[in-house]
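# A look at the structure
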Amino acid sequence: MPAGKRPPLVIAHRGASGYLPEHTLAAKALAFGLGADFLEQDVVATGDDCLVVLHDIHLDRVTDVAERFPSRHREDGRFYARDFDLAELRTLNVHERRHADGSAVFPGRFPTRLGRFGITTLAEEIEMIRGLAQSTGRVAGIYPEIKAPAWHREEGADLSRLVLRELERQGFAESGDPVYLQCFDAFELRRIREELGSDLKLVQLIAASGSRGTEADFDQLATADGLRQVAAYADAIGPALEDLYGFADIDGHAVSSGLVSAAHAAGLLVHPYTFRADALPPGFAGFGELVEWFAVTLGIDGLFTDFPDLAALALRRPGDAAS
């Protein structure tokens, strides 16, 4: 990194999910140990309004729910966390993410048939992170996401209110606290800031350009006017990393799309997703090259990664990763 410039924050995407099943306590503890600055928590509500850490409102791609509760799917064939209470979810085994056909999404990662991992509540994860901070003397922040808030309201749960209540109970309520609260739903983020009155740092996630059926429309938000509107209620944006660069016509080298500089001009931080050593985007030969280019050339402020140790190493942060 250039002298005097702070390296981007390393945000552990669903924990150290490149090494252990996503959103398990084991993956979060490893991410903490590997030096992540922030640990991500995707939050959904159970049938008894408990908050659990899962990337999806569905259970069938990351647990054995279809084997344990074969008749509890909805008409679409999917199994929903909202249709189970916390006690029932405690009986499930969490495994590496699979496709609908049962094959591993990332075949080179932790074997999908090994290990015993459980679903964790938001409170349990925060308490573990707090305990690690005490035992190690190092603080890592939390980075919760409000998942599908409109869908949750249809299901009778005000997810944002529930999450804010739990965060406040855990001592997180001020802008200076080590918390970023993220959501794809622009309406919901404005509601969190204006109606629910949260002072926490808010992050407007932006779906990848070309995505269909998403809550945050890239063409609407990733413009100068859109970014100014976002800056009225949020502190940062979280775009797909592929939307931050393109290729020069002459030599084929990666060049900025202009989104990072436009966001900075609007007063917004930029935390793109997702940096994966085993799924490099076009134009980059190695993970270190990818991370360094985004950090130095684009000047991003943070990055979501499945491999926090490799990101820290690429950012040349002494003590965060072995050479």
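For the structure itself, look to the data block above.
This text gives an overview of the structure that appears in the document. What you see is a predicted model; the values in this text were computed from it and never measured. (Residues numbered from 1 in each chain as written. Predicted model: local features only at pLDDT ≥ 70, side-chain atom pairs only at ≥ 80, totals over all residues. Heavy atoms only, no water.)

### Examining the overall build of the protein chain
How we decide: Counting from the N terminus, the helices are DSSP H or I runs at least four residues long and the strands are E runs at least two residues long. For a compact globule the rule gives 2.2 Å times the number of residues to the power 0.38, and the radius of gyration it is set against comes from C-alpha atoms. Buried residues are those whose accessible area, probed at 1.4 Å on protein chains only, stays under 20% of the maximum for their type, while exposed residues exceed 50% and partly exposed ones sit between those limits. Two residues qualify as a contact provided that any one of their heavy atoms is within 4.5 Å of a heavy atom in the partner residue. The accessible surface values rely on the Shrake-Rupley method and a 1.4 Å probe; as for residues, cover is taken only from the protein chains in view. As used throughout, the charge tally considers Lys and Arg to be positive and Asp and Glu to be negative, leaving His and the chain termini uncounted. Just so you know, the charge point we use is NZ for Lys, CZ for Arg, CG for Asp and CD for Glu.
Scanning the protein chain from N- to C-terminus turns up 12 helices and 11 strands. Here the C-alpha atoms of the protein chain give a radius of gyration of 19 Å, agreeing with the 20 Å that 2.2 N^0.38 yields for 323 residues. Expressed as a percentage of its 323 residues, the buried residues of the protein chain come to 54%. Residue pairs in contact within the protein chain that sit at least 24 positions apart in sequence constitute 68% of those at least 6 positions apart. Of the roughly 13,700 Å² that the protein chain leaves accessible, carbon and sulfur atoms contribute 51%. In the protein chain, 32 side chains carry a positive charge and 49 a negative one; their mean positions are 3 Å apart.

### Thoughts on the packing of helix α4 (residues 122–136) against helix α6 (residues 159–169)
Keep this limit in mind: Each axis is a line fitted through C-alpha atoms, and for a helix only the stretch in contact is used; angles between axes span 0 to 180 degrees, taken between their N-to-C directions. Reported orientations rely on four angle classes, namely roughly parallel under 35 degrees, roughly antiparallel over 145, roughly perpendicular from 65 to 115, and oblique for the rest. Each crossing gets its hand from how the near helix is turned against the far one by less than a right angle, where anticlockwise is left-handed and clockwise is right-handed. In this count, Pro and Cys sit with the nonpolar residues alongside Ala, Val, Leu, Ile, Met, Phe, Trp and Tyr, while Asp, Glu, Lys and Arg are called charged and the others, Gly among them, polar.
Contact pair α4 / α6: the axes reach a minimum separation of 11 Å and the direction vectors enclose 30°. By the angle between their directions, the pair α4 and α6 is classed as roughly parallel. Where α4 crosses over α6, the handedness of that crossing is right-handed. Side by side, α4 and α6 meet where Leu122, Ala123, Ile126 and Glu127 of the first sit next to Glu166, Leu167 and Arg169 of the second. Class assignment of the residues belonging to the contact of α4 with α6 gives a composition of four nonpolar, no polar and three charged.

### Quick notes on the packing of aromatic side chains
Put simply, the rule is: Ring pairs shown here join Phe, Tyr and Trp side chains whose ring centres sit within 6.5 Å, with only the six-membered ring taken for Trp; geometry is labelled stacked below 30 degrees between planes, edge-to-face above 60, and tilted in between.
A complete count under the given rule lists 18 aromatic pairs for this structure. A ring pair is formed by Tyr245 and Phe247, whose centres lie 5.6 Å apart and whose planes are at 85°; its orientation type is edge-to-face. Phe247 gets classed as partly exposed once you look at its relative accessible area, which sits at 39%. Seen in terms of ring centroids, Phe275 and Phe294 are 5.2 Å apart; in terms of plane orientation they differ by 85°. Their pairing is edge-to-face.

### Some details on the environment of Gly47
Among the structural elements, Gly47 can be located in the loop between β2 (38–45) and β3 (51–53). Taking the relative accessible area as the measure of exposure, Gly47 reaches 42% and is therefore partly exposed. For the pair Gly47 and Phe304, spaced 257 residues apart in sequence, the C-alpha separation works out to 30 Å. In this view, Gly47 contacts Ala81, Arg82, Phe84 and Asp85; residues no more than four positions away in its chain are not counted.

### Some details on the nonpolar core
Rules: The nonpolar core is taken to be a set of buried Ala, Val, Leu, Ile, Met, Phe, Trp, Tyr and Cys residues, with the residues joined through side-chain atoms within 4.5 Å.
Ranked by size, the top nonpolar core spans 68 residues in total, and within it Ile237, Phe275 and Phe294 carry the most contacts. Ranked by residues supplied to this core, first place goes to helix α11 (residues 287–298) with seven residues. The residues touching Ile237, leaving out its near neighbours within four places in the chain, are Val203, Gln204, Ile206, Leu227, Val230, Leu259, Ala263, Leu268, Leu269, Val270 and His271. Core analysis: the second largest hydrophobic core is formed by 21 residues, Val52, Tyr80, Phe84 and Leu89 among them.

### Let's talk about empty space enclosed by the protein
Cut-off, in case you're wondering: Detection works on a 1 Å grid of protein atoms alone, calling trapped sets that fit a 1.4 Å probe cavities and calling open sets with protein on both sides within 12 Å along at least five of seven lines pockets, with lining residues defined by an atom within 4 Å of a point. Grid points are joined across faces, edges and corners, and a volume is the space filled by probe spheres set on the points.
A full pass over the atoms with the stated rule returns two cavities of 30 Å³ or more. Here the residues of the lining of the largest cavity are counted per class, giving five nonpolar, three polar and one charged.

### Notes on the environment of Asp301
Here is the rule we go by: Contacts described as polar in this section are N or O atom pairs within 3.5 Å, which, within protein, must combine one atom able to donate a hydrogen with one able to accept it, while residues neighboring in sequence count only if both atoms come from side chains.
One can find Asp301 in the loop between α11 and β11 (302–305). Discounting chain neighbours no more than four positions away, the residues touching Asp301 are Pro8, Leu9, His264, Leu269, Val270 and His271. A polar atom in the side chain of Asp301 sits 2.8 Å from the side chain of His264.

### Describing the pairing of strand β4 (residues 141–146)
Here β4 lies mainly inside the structure; six of its six residues are buried. Judged by which residues are buried, β4 turns out to be covered on both faces: Gly141, Tyr143 and Glu145 on one side and Ile142, Pro144 and Ile146 on the other are all buried.

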